[in-house]
Amino acid sequence: MSVRILALVGSLRSGSHNRQLAEAAAKLAPEGADVVLFEGLGDIPFYNQDIDVEGSVPAAAAELREAAKAADAFLLFSPEYNGSIPAVLKNAIDWLSRPYGAGAFGGKPVAVIGTAFGQYGGVWAQDETRKSVGIAGGKVIEDIKLSIPNSLTRFAETHPADDAEVAAQVTEVVARLRGHAGEAVAA
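Residues numbered from 1 in each chain as written. Predicted model: local features only at pLDDT ≥ 70, side-chain atom pairs only at ≥ 80, totals over all residues. Heavy atoms only, no water.

Q: Please give an account of the overall build of the chain that cites residues and values.
A: What the chain contains, in helices and strands, is 6 helices and 5 strands. If you list the helices and strands of the chain from N to C, you get β-α-β-α-β-α-β-α-β-α-α. Relative to the compact-globule value of 16 Å for 187 residues, the chain shows a C-alpha radius of gyration of 16 Å, a close match. Principal-axis analysis of the C-alpha atoms places the extent of the chain at approximately 45 × 40 × 25 Å. Counting every position in the chain, which comprises 187 residues, the buried fraction comes to 48%. Taking contacts inside the chain between residues at least 6 apart in sequence as the whole, the part at least 24 apart equals 79%. Per element, the accessible surface of the chain, about 9,000 Å² overall, is 51% carbon and sulfur. (Helix = DSSP H or I, 4+ residues; strand = E, 2+ residues; numbered from the N terminus. Rg over C-alpha atoms; globule rule 2.2 N^0.38 Å. Buried < 20%, exposed > 50% of the residue type's maximum accessible area, 1.4 Å probe, protein only. Contact = heavy atoms within 4.5 Å. Areas by Shrake-Rupley, 256 points an atom, 1.4 Å probe, with all protein chains shown as cover.)

Written out as structure tokens, the structure reads:
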């Protein structure tokens, strides 16, 4: 049985190193794990309860919720913007947290990883993301962490999938998340 892992990337930039990290996760996913990148976070309007009404939820938000419902687990990729979580990723979490008490995370396993320019690799943003997604109903797997520092120099000429150390780390993250998701599906 293959576990479906939905990847959400907190950067909209086409050349984003976090997007490349997500691509690496999809490419290097071990057998039994299918990592699917959600496209279109930039098309989702900011969460507003006035527009979150059955029958008139914006199409992009409805697509996100459908993709999340089909997922067995989530892998979030967070760069660090001004020491915190990017708005696009926080907005996705907000949409997936609703309706209150029945959001799409539904206790499913979630891991948060990423890369950033600074020397700590975006640890603050990733911690904020874990906090937010936990409150939103996800089962945050606290011991799955990967913060890759110095992204601008480390990935200047090398895709994360082609960096042997990073490739091994990302593969391990996906394998461990697959294990947690498999346990949840079997339960």
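Q: Which residues make up the nonpolar core, and what are the values?
A: One broad trend across soluble globular proteins is that nonpolar side chains are buried collectively. Of all hydrophobic cores here, the largest spans 27 residues; its most connected members are Leu8, Leu64 and Leu76. In this view, Leu64 contacts Leu8, Phe38, Leu41, Ile44, Ala92, Trp95 and Leu96; residues no more than four positions away in its chain are not counted. In terms of nonpolar packing, the next biggest core, distinct from the first, is built from 26 residues, Val3, Ile5, Ile113 and Ile144 among them. (Core = buried A, V, L, I, M, F, W, Y, C linked by side-chain atoms within 4.5 Å.)

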